[in-house]
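Each chain is listed here by its residues.
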Amino acid sequence: MDHCSSLGKTALLIAMAEENETEDYVSSARKKGFEVVTGKVGSMDVQKVIAAVETAAKRASLIDNNYRSQHALYHAILDALQGLGRGPLQLGNVLRTVGLRFAVVKGPRTLEDLSDLWIAVSMYGMIGAPIKGHEHEVCGLGINHL
């Protein structure tokens, strides 16, 4: 897979890849110097979605304990969630739930500009009423500098 040339595109392709293709995209991204972690989360609680992404990024050492990296990740998550919700995301309080795959990718903004580090959070999945068949696809991307 030679599609991973920019941080955002890499994150989106990984989150949106079919289950059997995800590892190929992750491997390709890592060969190009990107750090990657993926995961899944389903919830009616926005805080649980945020916590799942933050926990995955911390466990994979994509962020450390300094404020700057945690703050950058948090805002990338919020931007991705805004894409999912077409504005501020509301779930349980308006009887909505999500089932998402996510990717957190750390590296240069593009492979041509290696001067700065950035972090991207992408999310892809379903949102809707907590009733099977009452959901639709959503996608969100957030990028922030470290």
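One structure accompanies this document, and this report is about it. It should be emphasised that the depicted structure is a prediction, and the values quoted were computed from it without experimental measurement. (Residues numbered from 1 in each chain as written. Predicted model: local features only at pLDDT ≥ 70, side-chain atom pairs only at ≥ 80, totals over all residues. Heavy atoms only, no water.)

## Looking at the overall build of the protein
Using the following cut-off: Numbering goes from the N terminus for both helices and strands, where a helix is a DSSP run of H or I of at least four residues and a strand is a run of E of at least two. Both definitions apply: the radius of gyration is a C-alpha atom measure, and the globule rule equals 2.2 Å times residues to the power 0.38. Relative accessibility decides the category of a residue: with a 1.4 Å probe and only protein chains considered, values under 20% of the type maximum give buried, values over 50% give exposed, and everything between is partly exposed. The contact criterion used throughout is that any non-hydrogen atoms of two residues lie within 4.5 Å. Residues scored as positive are Lys and Arg, those scored as negative are Asp and Glu, and His as well as the terminal groups of each chain are ignored. Where a charge lies is defined by one atom per residue type: Lys uses NZ, Arg uses CZ, Asp uses CG and Glu uses CD.
Within the protein one finds 4 helices and 4 strands. Counting helices and strands in the order they occur from the N terminus, the protein gives α-α-β-α-α-β-β-β. A compact globule built from 146 residues should have a C-alpha radius of gyration of about 15 Å, and the protein, at 15 Å, falls within 12% of that. Across its three principal axes, the protein shows a C-alpha extent of roughly 45 × 35 × 25 Å. Within the protein, buried positions represent 43% of all 146 residues. Sequence separation of at least 24 residues holds for 65% of the intrachain contacts in the protein that already meet a minimum separation of 6. Side-chain charges of the protein comprise 15 positive and 16 negative groups, with the mean position of each set lying 4 Å from the other.

## What about the environment of Glu112?
With respect to the helices and strands, the residue Glu112 is situated in the loop between strand E2 (97-107) and strand E3 (118-128). With 23 residues separating them in the primary sequence, Glu112 and Glu135 have C-alpha atoms 39 Å apart.

## Here's the deal with the environment of Thr10
Structurally, the position occupied by Thr10 is in helix H1 (residues 7-16). Take Thr10: its relative accessible area is 0%, and that puts it in the buried class. Measuring from C-alpha to C-alpha, the distance between Thr10 and Arg68 comes to 23 Å, with 58 residues separating the pair along the chain.

## Considering the sheet that holds E2
Definition in use: Two strands pair if DSSP finds at least two bridges between them. Helix axes use the C-alpha atoms of the stretch in contact, all axes being lines fitted to C-alpha atoms, and the angles between their N-to-C directions lie in the range 0 to 180 degrees.
With respect to topology, 4 strands assemble into an open sheet ordered E1-E2-E3-E4, the strand pairing being antiparallel. Where the open sheet ends on each side, the last strands, each with one partner, are strand E1 (35-43) and strand E4 (135-145). Ignoring strand direction, the axes of neighbouring strands in this sheet form an average angle of 15°. Taken together, the 9 bridges between E1 and E2 define a ladder with antiparallel strand orientation. Following the sheet pairing, Val41 is matched in E2 by Leu100. Each of E1, E2, E3 and E4 touches H1; the most contacted strand, E2, lies at about 140° to it.

## What to know about the pairing of E4
Pairing between E3 and E4: 11 bridges, direction antiparallel. Residue pairing across strands places Met123 opposite Gly140, the latter belonging to E4. Between E3 and E4, which pair antiparallel and follow one another directly, the connecting turn spans 6 residues, one of which, Gly133, has a positive phi of 95°.

## Overview of the side chain of Ser122
So the rule is basically this: In the analysis that follows, any N or O atom pair within 3.5 Å is treated as a polar contact, provided that within protein one partner can donate a hydrogen and the other can accept it, and provided that, for residues neighboring in sequence, both atoms belong to side chains.
Counting through the fold element by element, Ser122 comes out in strand E3. Note on Ser122: relative accessible area 0%, which makes it buried. A polar atom in the side chain of Ser122 sits 2.5 Å from the backbone oxygen of Ala11. Residues within four places of Ser122 in sequence aside, it is in contact with Ala11, Leu12, Ala15, Arg101, Phe102, Ala103, Gly140 and Leu141.

## Remarks on the pattern of salt bridges
Defined as follows: Put simply, a salt bridge is a Lys or Arg side-chain nitrogen that is within 4 Å of an Asp or Glu carboxyl oxygen.
Per the stated rule, a full pass over the model turns up 1 salt bridge. The salt bridge involving Glu19 is made with Lys40; its shortest N-O contact spans 3.0 Å. Taken as a pair, Glu19 in the loop between H1 and helix H2 (22-31) and Lys40 in strand E1 lie far apart in primary sequence, 21 residues in all.

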